[in-house]
Amino acid sequence: MRADNSAICVCLGRRELGIAIGFLVPPVLVPNIEDQDKLAYHISIMFYIIGGVATLLFILVIIVFKEKPKHPPSRAQSLSYALASPDASYLSSIVRLFRNLNFVLLVITYGLNAGAFYALSTLLNRMVILHYPGEEVNAGRIGLTIVIAGMLGAVISGIWLDRSKTYKETTLVVYIMTVVGMVVYTLTLNLGHLWVVFITAGTMGFFMTGYLPLGFEFAVELTYPESEGMSSGLLNVSAQVFGIIFTISQGQIIDNYGTMPGNIFLCVFLTLGAVLTAFIRADLRRQKANKETPENKLQEEGEEEEESNANKVPTIVSEEHF
């Protein structure tokens, strides 16, 4: 179980590290200059660097990555491999997942949270520049702060889940704190103090990004023994869909009404996500599979035999007495 949580935290940590670099590097490589030719040159350099890194990663994926580990990280994972049918239909698995009401609610709530994060990340530079002109580099640093704080939140969330196994409670608390962090960020963005924005944005990022591994882990618990890749893929699809909707919508709101109404727009949907999270039932199927060890089964069978023998004794005695 610990290996499952750690793997997800590591993967998400690497992704968030890439996002952090994406916040920090572009403002440095592409300065705010008026000369269009020089600007185009700097942009082309940035694109060449991105293309080279992406190509290198693609080659590493082909050479290094394996389909699955040599040894399952837990008993539940071992049972999942055993239960997997080679003739399983992708469509039938999708249908089963969408019949799971708890998972459907999680797909929606995860999409709302991650979509809000994508929108906020995409429009962060615009929002900061509107209130703090000429602070493009600091806008990137604020984004870096959000992601670094989120990476710390993701690690702490994974450790806490390993020890407490309180999936729904932890997810709900982190979601509520995300709403609180977003509200505080919204109210402090236009105060005129950039250091305040660093603090409030970092606090919001700690919970907003820290929610991501919770969502993946909770999904695996709710959908076991279905493929983890299937549930994770649906969560990512939901995040991308809501991210596109929120980015376009918030961008239009900022252009027409300002940054505060745009952030309030995200606060409303994050509140909706927190409310829906409260309705998710903690059906921890993978936890149950991990507890069903051979020793436990033998103990349960022994207890059943003892109860059966105890029930037979009065019957024998009464027959002899009769």
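Each chain has its residues counted from 1, running along the sequence as written. The model is predicted, so local features are restricted to residues of pLDDT at least 70 and side-chain atom pairs to those at 80 or more, both for listing and for counting; the totals for chains, interfaces and linings are taken over all residues. Side-chain descriptors were evaluated using all non-hydrogen atoms of the structure, hydrogens and water having been removed beforehand.

Per an unreviewed UniProt entry, the chain carries the name FLVCR choline and putative heme transporter 2 and comes from Panthera leo. UniProt positions are given in the numbering used here, feature names are shortened, and annotations may be inferred rather than shown by experiment. According to the UniProt record, the Sequence similarities (unreviewed entry) comment for the chain reads "Belongs to the major facilitator superfamily. Feline leukemia virus subgroup C receptor (TC 2.A.1.28.1) family."

1. Considering the overall build of the chain
From N to C terminus, the chain includes 12 helices and 0 strands. Helix and strand definitions here come from DSSP, where helices need a minimum of 4 consecutive H or I residues and strands a minimum of 2 consecutive E residues; each element is numbered from the N-terminal end. Helices (α) and strands (β) of the chain occur, in sequence order from the N terminus, as α-α-α-α-α-α-α-α-α-α-α-α. We call two residues contacting when some pair of their heavy atoms lies within 4.5 Å. Long-range pairs, those at least 24 residues apart, make up 82% of the contacts in the chain between residues at least 6 apart in sequence. Carbon and sulfur atoms form 67% of the exposed surface of the chain, whose accessible area is close to 18,000 Å². Throughout, the Shrake-Rupley method with a 1.4 Å probe supplies accessible areas, and for residues the shown protein chains are the sole cover considered.

2. Topic: the side chain of Ser238
Here Ser238 is to be found in helix H9 (residues 228-257). A 1.4 Å probe rolled over the protein chains alone gives each residue an accessible area, and that area as a share of the maximum for its type sets the label: buried under 20%, exposed over 50%, partly exposed in between. Judged by its relative accessible area of 8%, Ser238 falls in the buried class. Beyond its immediate stretch of four places on either side in the chain, Ser238 contacts Val107, Ile108 and Gly111.

3. Section: unusual backbone geometry
Positive phi values are uncommon outside glycine, yet Lys165 reaches one of about 60°. For Lys165, a relative accessible area of 28% corresponds to the partly exposed category.

4. Observations concerning the packing of aromatic side chains
Centre distance within 6.5 Å is the pairing criterion for rings of Phe, Tyr and Trp, where only the six-membered ring of Trp is used; planes under 30 degrees apart are then read as stacked, over 60 as edge-to-face, and the remainder as tilted. Inspection of the entire model under this criterion finds 10 aromatic pairs. Taken together, a centroid distance of 5.9 Å and an interplanar angle of 35° make the contact between Tyr110 and Tyr211 tilted. Of this pair, Tyr110 sits in helix H5 (residues 101-131) while Tyr211 sits in helix H8 (residues 194-223); the two residues are 101 residues apart in sequence, bridging distant segments of the chain. Pair check on accessibility: Tyr110 and Tyr211 agree, each one buried. Arranged with centres 5.1 Å apart and planes meeting at 65°, the rings of Phe265 and Phe269 form a pair that is edge-to-face. A residue pair is termed a helical-turn pair when its members lie 3 or 4 positions apart in one helix, as Phe265 and Phe269 do in helix H10 (residues 259-278) at 4 residues. Put simply, the rings of Tyr110, Tyr175, Tyr211 and Phe216 pair up and form one aromatic cluster.

5. With respect to the nonpolar core
Counting residues in hydrophobic clusters, the biggest one holds 57 residues, and the most contacted among them are Leu106, Tyr110, Ile142, Met182, Tyr185 and Leu266. Of all elements in the fold, only helix H4 (90-98), H5, helix H6 (136-164), helix H7 (167-188), H8, H9 and H10 reach the threshold of two or more residues within this core. Sorting elements by how many residues they give to this core places H5 first, with 16 residues. Among buried residues, the Ala, Val, Leu, Ile, Met, Phe, Trp, Tyr and Cys ones that are joined through side-chain atoms within 4.5 Å form a nonpolar core.

6. A short note on the UniProt feature "transmembrane region" (unreviewed entry) in the chain
If you check UniProt for "transmembrane region" (unreviewed entry), the listed places come out as residues 39-65, 101-120, 140-160, 172-188, 194-214, 234-254 and 260-280 in our numbering. Across residues 101-120, helical content stands at 100% and strand content at 0%; the span's end C-alpha atoms are separated by 29 Å. In the segment residues 194-214, helix accounts for 100% and strand for 0%; the C-alpha atoms at its two ends are 31 Å apart.

7. Some remarks on the side chain of Asn102
Relative to the assigned elements, Asn102 resides in helix H5. Excluding anything up to four places from it in sequence, Asn102 contacts Leu222, Phe279, Ile280, Arg281 and Asp283.

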